Amino acid sequence: MTEAAAEKPWFGIEQEYAIFVTKGTNYKYPLGWPEGGFPSEQGPYYCSVGASYAYGRELVELHQRACFYAGLKYAGLNAEVLPSQWEFQIGPCEGIEMGDHLWLARYLLQRAGEVFGLDVSFDPKPFKGWNGSGAHTNFSTLAMRNENGIEAIHKGIESLQGAHKEHIQVYGVGNERRLVGACETSSIERFSYGVGNRAASIRIPFDCAAKKCGYMEDRRPASNCDPYLVTGMITDSVCLGGKHRQDILQAWNDFQKKSIAHH
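Attention in this report is confined to the structure presented alongside it.

Procedures and definitions
- Residues numbered from 1 in each chain as written.
- Predicted model: local features only at pLDDT ≥ 70, side-chain atom pairs only at ≥ 80, totals over all residues.
- Heavy atoms only, no water.
- Patch = residues over 30% accessible without salt bridge, like charges linked within 9 Å, V, L, I, M, F, W, Y side chains within 5 Å.
- Areas by Shrake-Rupley, 256 points an atom, 1.4 Å probe, with all protein chains shown as cover.
- Salt bridge = Lys/Arg side-chain N within 4 Å of Asp/Glu carboxyl O.
- Helix = DSSP H or I, 4+ residues; strand = E, 2+ residues; numbered from the N terminus.
- Axes fitted to C-alpha atoms, helices over the stretch in contact; angles between N-to-C directions.
- Parallel < 35°, antiparallel > 145°, perpendicular 65-115°, else oblique.
- Left-handed = near helix turned anticlockwise from the far one by under 90°.
- Contact = heavy atoms within 4.5 Å.
- Nonpolar A, V, L, I, M, F, W, Y, C, P; charged D, E, K, R; others polar.
- Phe/Tyr/Trp six-rings, centres within 6.5 Å; stacked < 30°, edge-to-face > 60°.
- Buried < 20%, exposed > 50% of the residue type's maximum accessible area, 1.4 Å probe, protein only.
- Lys NZ or Arg CZ within 6 Å of the ring centre and 35° of its normal.

Next up on the list: a nonpolar patch on the surface. Residues Met1, Ile96, Trp103 and Tyr228 make up a contiguous nonpolar surface patch of roughly 380 Å² in combined accessible area. Within the secondary structure layout, Tyr228 lies in helix α7 (residues 227-239).

Below, the structure is given as structure tokens:
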């Protein structure tokens, strides 16, 4: 991040998660779902209000207040497509600050869950056939935000396309269950981009395309991703030509080996 500081890399991450009722350590089910069964199909839960559709708002708003109190760059929240699934947004943050703020926000969310006896899941695909949970990462440089920045945005997308497989390696565990080309995701096997396309790897928002400047949204990171690795890979690919890509991949591989050894 230090090497790319002159580029002024800004990030905003949309952190999705699901809330579970827990009974002991081995049994849990999504809040608001019939125990051992399924609710009505997804659709009316997104950005919903009312006890029939919005499950867990007390927890969600307690977390919001905790983030404000902690001085985090908390930008907003909304109910998501899967019942009991929510999202909060952190940003804009510059450089490594993104990882700092999101990591602490995740911690506060789990602590808030303890107050209600609820468990927070960052699993990228809690249930097959239903929407999964991501950590959509919005990114821009100073050049992208300036007039005619759309050229820098397209150049950045080209850089990301050339390192698609490497990025996927550090974008979260179990992400192959989520990136299946359905449920508002792209295919993990193929890189794609488009204006306003929620089924693409990279989405250029409609307003940015119209203004010809702004930011891009990387929709590939999973909800359980390491934000330091994700933001590091994006910055390295777009701003530094992949100079540190292998070092980042090695750091991720070393972490996985330690995790396996620990368990």
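Moving on, we come to the packing of helix α4 (residues 150-161) against α7. Between α4 and α7, the shortest axis-to-axis distance is 8 Å and the interhelical angle comes to 115°. Relative to α7, α4 is oriented roughly perpendicular. In this structure, α4 crosses over α7, and the sense of that crossing is right-handed. On α7, the residues that touch Gly156, Ser159 and Leu160 of α4 are Ile234, Ser237 and Val238. Residues belonging to the contact of α4 with α7 are distributed by class as follows: three nonpolar, three polar and no charged.

With the rule as written, the count across this model stands at 14 aromatic pairs. Plain terms: the ring middles of Tyr74 and Phe88 are 6.1 Å apart, the flat faces sit at 10° to each other, and that makes the pair stacked. Of this pair, Tyr74 sits in strand β3 (residues 74-79) while Phe88 is found in strand β4 (residues 85-94), placing the two residues 14 residues apart along the sequence. Owing to a relative accessible area of 9%, Tyr74 belongs among the buried residues under this scheme. Ring pairing ties together the aromatic residues Phe20, Trp33, Phe38, Phe127 and Trp130, which thus form one cluster. Seen from the ring of Phe20, Lys28 lies directly overhead, with NZ or CZ sitting 5.5 Å from the centre. Here the basic side chain of Arg106 rests over the ring of Phe122, its NZ or CZ set 5.5 Å away from the ring centre.

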